[in-house]
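Structural features, examined
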Amino acid sequence: MTDSDSRKKNIERNILQLIYKPSEYSIIEFEKPDFILEDKNGNKFGVEITQLFLDESSARLKNKPNYLNDIIQNNKLDKRDVGILNVGEIVAIDDNGNEIPETRSMGVSQDLPQSPNRIEVLKKLVSSKNYKLVKYDKRVQFIDLIIYNDGSFISGLEIQKQQILSYLKKQESANTLISSFRKIVFIIKDLSKTNANFILHLKK
């Protein structure tokens, strides 16, 4: 296993354990699906982990080793990201819109999609995973899907955050998402709190 593969698997395991605690399940690393779990009654099922990025530029920023530093320090920008990722001074602001002292630093920014477009990205991801599900190992009857997002899905204006969360909570309540996965859990990192997440069960 390469360093990149090992890093990816560690990330997947950390995401998995947000929902399935090691004290309650025996966990086996696998491929297609990413993990096989067994509960204390001997019931086995698979879990597939995927991360949701708003676009390919966001995915490269997150997954390409040292890409952020290469952009800021060496101006090494992937040609696909020209005009999308922008280097500049970034400052943190408080809830009242005031600058927080001594938080200025160089960083990379990009325009965020509007709320309907973000929802469409989620729908396309689920559709893509549904299509690939037929190729997964048949030794487990049920497979659950966990989708993780770093907080960008609800970042931006507070009204956007509330609109998106409202939509997702309605979907959670309706439980009408069509998929061959037994369950679909959407985890969104809550950037306003440390070690906190929004956890939404899109299919129960």
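Counting of residues starts from 1 at the beginning of each chain's written sequence and follows it residue by residue. Owing to the predicted nature of the model, reporting of local features is limited to residues with pLDDT of at least 70; listing and counting of side-chain atom pairs is limited to 80 or more, with chain, interface and lining totals taken over all residues. No hydrogens and no water enter the side-chain calculation; it runs on all heavy atoms of the structure.

1. Description of the pattern of salt bridges
Test applied: By definition here, a salt bridge exists when the distance from a side-chain nitrogen of Lys or Arg to a carboxyl oxygen of Asp or Glu is within 4 Å. Helix and strand assignments come from DSSP, with helices taken as H or I runs of at least 4 residues and strands as E runs of at least 2, each series counted from the N terminus. Any residue under 20% of the maximum accessible area for its type is buried, any over 50% is exposed, and the rest in between are partly exposed; the area is computed with a 1.4 Å probe on protein chains only.
Overall, the coordinates contain eight salt bridges when judged by the stated rule. Glu56 is the partner of Arg60 in a salt bridge, and the nearest nitrogen-oxygen pair spans 3.9 Å. Note that Arg60 and Glu56 are positioned in helix H2 (residues 56-63) at a spacing of four residues, about one turn of the helix. When its relative accessible area of 12% is taken as the criterion, Arg60 is described as buried. Overall, the relative accessible area of 57% leaves Glu56 in the exposed class. Here Arg139 ties to Asp137 by a salt bridge, and the two come within 2.9 Å at their closest N and O atoms.

2. Details of H2
We count it as follows: Pairs of residues are marked as contacts when any of their non-hydrogen atoms sit within 4.5 Å. Contacts described as polar in this section are N or O atom pairs within 3.5 Å, which, within protein, must combine one atom able to donate a hydrogen with one able to accept it, while residues neighboring in sequence count only if both atoms come from side chains.
Among all positions in H2, only Ser57, Ser58, Ala59 and Arg60 are buried. Those residues of H2 that are buried are in contact with helix H3 (67-74). Two or three places before Ser58, at the start of H2, stands the capping residue Asp55, its side-chain oxygen 2.7 Å from that residue's backbone nitrogen.

3. Overview of the sheet that holds strand S7 (residues 184-189)
Let me state the cut-off plainly: Strands pair, by our definition, only if DSSP identifies at least two bridges between them. Axis geometry follows a simple rule: fit a line to the C-alpha atoms, using only the stretch in contact for helices, then measure angles between N-to-C directions, giving values from 0 to 180 degrees.
Reading across the sheet, the six strands line up as S1-S2-S3-S6-S7-S8 and stay open at both edges, with mixed pairing between neighbours. With one partner strand each, in any of the chains shown, strand S1 (26-29) and strand S8 (197-203) form the two edges of the open sheet. Taken pair by pair, the neighbouring strands of this sheet meet at an average axis angle of 25 degrees, ignoring direction. Looking at chain direction, strand S2 (residues 35-38) and strand S3 (residues 44-51) are connected through four bridges and run antiparallel. Note on S3: the bridge partner recorded for Ile36 is Gly46. Sitting on the sheet, helix H5 (residues 158-174) is in contact with S7 and S8, with an inclination near 40 degrees to S8.

4. A short note on the confidence of the model for the protein chain
To be explicit about the condition: Confidence scores per residue from the predictor, reported as pLDDT, run from 0 to 100.
Chain-level statistics for the protein chain give a pLDDT mean of 88 and a share of 98% at 70 or above. The least confident element of the protein chain, judged by mean pLDDT, is strand S5 (residues 105-109) at 74; the most confident is S7 at 98.

5. A short note on the packing of aromatic side chains
Convention followed: Pairing of aromatic rings covers Phe, Tyr and the six-membered ring of Trp, with a centre-to-centre limit of 6.5 Å; geometry is then stacked below 30 degrees between planes, edge-to-face above 60, and tilted otherwise.
Counting across every chain of the model gives four aromatic pairs. Ring geometry for Tyr25 against Phe45: centres 5.7 Å apart, planes inclined by 85 degrees, an arrangement best described as edge-to-face. In this pair, Tyr25 is assigned in the loop between helix H1 (3-16) and S1 and Phe45 in strand S3, connecting sequence segments 20 residues apart. Residue classification places Phe45 among the buried residues on the basis of a relative accessible area of 5%.

6. What to know about the nonpolar core
Put simply, the test is: Definition used in this section: a nonpolar core is a set of buried Ala, Val, Leu, Ile, Met, Phe, Trp, Tyr and Cys residues joined via side-chain atoms within 4.5 Å.
In this structure, Leu52, Leu122, Ile147, Phe153, Leu168, Phe186 and Ile188 are the most contacted members of the largest nonpolar core, which totals 25 residues. Elements with a contribution of two residues or more to this core: helix H4 (115-132), strand S6 (143-149), H5, S7 and S8. No other element matches H4, which puts four residues into this core. Residues Tyr20, Phe45, Val47 and Ile146 belong to the second largest nonpolar core, which totals 13 residues.

7. Here we look at the packing of H4 against H5
Operational definition: Reported orientations rely on four angle classes, namely roughly parallel under 35 degrees, roughly antiparallel over 145, roughly perpendicular from 65 to 115, and oblique for the rest. Two helices cross in a left-handed way if the nearer one is turned anticlockwise from the farther one by less than a right angle. They cross in a right-handed way if the turn is clockwise. For this scheme, ten residues count as nonpolar: Ala, Val, Leu, Ile, Met, Phe, Trp, Tyr, Cys and Pro. Four count as charged, namely Asp, Glu, Lys and Arg, and the remainder, Gly too, count as polar.
Close contact between H4 and H5 brings their axes to 10 Å; oriented N to C, the two are set at 40 degrees. With respect to H5, the element H4 is oriented oblique. For the crossing formed where H4 meets H5, the hand is right-handed. Contact with H4, carried on its side by Ser115, Arg118, Ile119, Leu122 and Lys123, involves Gln160, Gln163, Ile164, Tyr167 and Leu168 of H5 and no other residues of that element. Class assignment of the residues belonging to the contact of H4 with H5 gives a composition of five nonpolar, three polar and two charged.

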